[in-house]
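Structural overview for review
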Amino acid sequence: MSQKEIEIILARHLASYLAMPILIVDTEGTLLYYNEPAEEILGMRYTDTGEMRASEWGVLFKPTSDEGEPLAPERLPLVVALAERQPARGSFWIRGLDNVLRHIDIAAFPLVGQADRYLGALAMFWEVEL
Amino acid sequence: MMSVTLWGTRGSLAAPGPETARYGGNTSCVAVEGRLGSVLVLDAGTGVRRLGVSLPTSLKRVDILLTHLHMDHIIGLGFFALLRREGVDVHIWGPTSTTLSLRSRLNRYLSPPLFPVFLRDLEAQVTFHEVPAGHFEIGEFEITSALVCHPDPTVGYRVCSDGAVLTYLPDHEPALGSMQFPLSDDWTSGHALAAGADLLIHDAQYNREEYEARVGWGHSSFDQAFAFAALTEVKHFVPFHHDPSHSDDELDFWITEATAAIRPLFAVTPGIEGTKFALGR
């Protein structure tokens, strides 16, 4: 497996110290890392899953709107940040692998390194009370 | 064959004096000479002054590869003899920034009031190249540059020629933020540059206690540097960028202690000014 770019490595280290749930994906949408607070919400552990391709993790959590309608992947903030290279924010429902339904708010932004190297995206999310 | 000479092995600040006479007090500078006579200069600390006067007057091109622009790595530039020679092409490679060009940032030092001579007034023809540039070639050398973990944009270099690999990571804190260092290969800063190198010149600025008080300053402890060398499976390791407060006797002790504790499979040669290495065919 090839070495990650330094900005991605530092983002992981930062995420590992923060109490906010964080996901980091590469330019292909592969889930490179999620921290312990994210594990709590997603209901799975990074040490168990390792990296996951977008096709794997994108369908795991069954995101739905407030009305209970399935959300198309292209509406998810992390996907928007990746595709459009712009910050994106949104809130919706997910069901983690622990089968708990949670309402979450997500802010995602693209990761652009030195020399305009596009590296992926990072999402921070919170479980919110309605 | 690639000939590698250490002209400055000290970190942060030049440290001349009787207690550092054996390891040397000059800051980072390593010369690499190729089979066909191409010359690379890795960083331009105070060691570059003596290197400059040792180079033949027949040399018409030299490439200076800067890892970053902290003063201990550029302070010798104004005293590099080839920059004062007409008819010489000096190519300076260094990390890009999001705002200013490499030339503009070096001008901050090479101009009054910090330095009496402007960069533009030097006699040599100077060309600037911004890195990381992925893979590029200089003469008989194939070079890879990549950003590594150190405050402010900093790159490391992997230099290949004649079947040999030299990796130069003088300022590097791969353990930063890592709760269990080393992590796997793919999550370790600098791994791709150093993997399997014949010679690794790597930051080993602190002892264990010093590192604990200086986390995030961009440097490694002896233990971490040895662990990085082991993880990357290099063949020969040179602890480098010695703290200016460390005496020759202290460096002997800590390098010997780390070698004994880790019992590495690779050779270890302390970064002593004047040491030469011959790599490759």
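Residue positions are counted from 1 within each chain, in the order its sequence is given. Think of it this way: whatever chain is written first is A, whatever ligand is written first is 1, and the rest follow in order. For a predicted model such as this one, the threshold for reporting local features is a pLDDT of at least 70, and the threshold for listing and counting side-chain atom pairs is 80 or more; totals across whole chains, interfaces and linings nevertheless cover every residue. Water and hydrogen atoms were dropped before computing side-chain values, which therefore reflect all heavy atoms in the structure.

With that out of the way, let us pick up the overall build of chain A. Here a strand is any run of E in DSSP of at least two residues, a helix any run of H or I of at least four, and the numbering for each starts at the N terminus. Tallying secondary structure elements over chain A gives 5 helices and 5 strands in all. Along the chain direction, N to C, the helices and strands of chain A fall in the order α-β-β-α-α-α-α-β-β-β. Here the C-alpha atoms of chain A give a radius of gyration of 14 Å, agreeing with the 14 Å that 2.2 N^0.38 yields for 130 residues. Projecting the C-alpha coordinates of chain A onto the three principal axes gives extents of approximately 45 × 30 × 25 Å. All radius of gyration figures rest on C-alpha atoms, and the globule criterion is 2.2 Å times the number of residues raised to 0.38.

Another point: the pairing of strand β7 (residues 135-138) of chain B. Residues and elements named next belong to chain B. Here the term buried applies to any residue with accessible area under 20% of the maximum for its type, exposed to any over 50%, and partly exposed to those in between, with areas from a 1.4 Å probe on protein chains only. Taking every second residue as pointing to the same face, the buried face of β7 carries F136 and I138, while none of H135 and E137 on the other face is buried. Strand pairing requires that DSSP identify at least two bridges connecting the strands. Judged from the 4 bridges that link them, β7 and strand β8 (residues 141-147) form a sheet pairing that is antiparallel. Looking at β8, one finds that E137 is bridged to E142. Hairpin connection between β7 and β8: a loop of 2 residues separates the two successive antiparallel strands, and G139 in this loop has a positive phi of roughly 55 degrees.

A few words on the interface of chain B and chain A. Working rule for contacts: check all heavy atoms of both residues, and any pair within 4.5 Å makes them a contact. Between chain B and chain A, the contact holds 21 residues from the first and 20 residues from the second. Buried area is a sum: the accessible area each of two parts loses on coming together, probed at 1.4 Å, counted once for each and added. Between chain B and chain A, the buried area comes to about 1,600 Å², and carbon and sulfur atoms account for 67% of it. Interface area lost by chain B to chain A is led by L147(B), D186(B) and W187(B), which between them contribute 46%. Definition used for salt bridges: Asp or Glu carboxyl oxygen within 4 Å of a side-chain nitrogen of Lys or Arg. Note that K4(A) is salt-bridged to D186(B), the shortest N-O span being 2.8 Å. Throughout this description, a polar contact denotes any pair of N or O atoms lying within 3.5 Å of each other; where both atoms belong to protein, one of them has to be capable of donating a hydrogen while the other can accept it, and for residues adjacent in sequence the pair is counted only when both atoms sit in side chains. In this structure, the connection of chain B to chain A is made through 5 residue pairs in polar contact (both at pLDDT 80 or more). Considering each element in turn, the side of chain B that touches chain A owes the most residues, 3 residues, to helix α4 (residues 191-194) of chain B. Only Asp, Glu, Lys and Arg are considered charged in this grouping, and only Ala, Val, Leu, Ile, Met, Phe, Trp, Tyr, Cys and Pro are considered nonpolar; every other residue, Gly among them, is considered polar. Across the side of chain B that touches chain A, the residue classes tally to 10 nonpolar, 9 polar and 2 charged.

Moving on, we come to the pattern of salt bridges. When their charged atoms lie close together, side chains carrying opposite charge are able to pair. This structure, assessed with the given rule, holds 15 salt bridges over all chains. For E39(A), the salt bridge is made with R45(A), and the minimal N-O distance between the two is 3.3 Å. Of the residues examined, E39(A) reaches a relative accessible area of 8% and is grouped as buried. Among the salt bridges present, the one from R22(B) reaches D252(B), with a minimum N-O distance of 2.6 Å. Of this pair, R22(B) sits in the loop between β1 (2-8) and β2 (29-33) while D252(B) sits in helix α7 (residues 248-262), and the two are 230 residues apart along the sequence. Taken together, the salt bridges that share partners define one network made up of K4(A), E51(A) and D186(B).

This part is about the sheet that holds strand β3 (residues 88-95) of chain A. Residue and element names in this part refer to chain A. Read from one edge to the other, the open sheet built from 5 strands follows the order β2-β1-β5-β4-β3, with strand pairing classed as antiparallel. Only two strands of the sheet have a single partner each, and these edge strands are β2 (31-34) and β3. Each strand axis lies, on average, 25 degrees off the axis of its neighbour in the sheet, ignoring direction. For β3 and strand β4 (residues 101-113), the ladder comprises 8 bridges, and the chain directions are antiparallel. By the bridge assignment for β4, R89 is matched with A107. Only C-alpha atoms enter the line fits that serve as axes; for helices the fit covers just the stretch in contact. Angles between N-to-C directions range over 0 to 180 degrees.

Turning our eyes to something else, we now look at the sheet that holds strand β9 (residues 155-161) of chain B. Pairing between sheet strands relies on hydrogen bonds along the backbone, with the strands arranged either parallel or antiparallel. The 7 strands lie next to each other as β7-β8-β9-β10-β11-β12-β13 (chain B), forming an open sheet whose pairing is mixed. Of all strands in the sheet, those bounded by a partner on one side alone are β7 and β13 (267-268) of chain B.

Our next topic: the pairing of strand β10 (residues 164-169) of chain B. Residues and elements named next belong to chain B. A large share of β10 lies buried, amounting to 6 of its 6 residues. Bridge analysis of β9 against β10 gives 5 bridges, and the strand direction is antiparallel. Opposite C160, over in β10, you have V165 as the bridge partner. The antiparallel hairpin formed by β9 and β10 contains 2 residues in its connecting segment, where D162 sits at a positive phi of about 55 degrees. Where β10 meets strand β11 (residues 199-203), 4 bridges bridge the pair, whose relative direction is parallel. Residue pairing in the sheet places Y168 in a bridge with I201 of β11.

Everything listed here is a matter of coordinates, which is why it stays silent on function.
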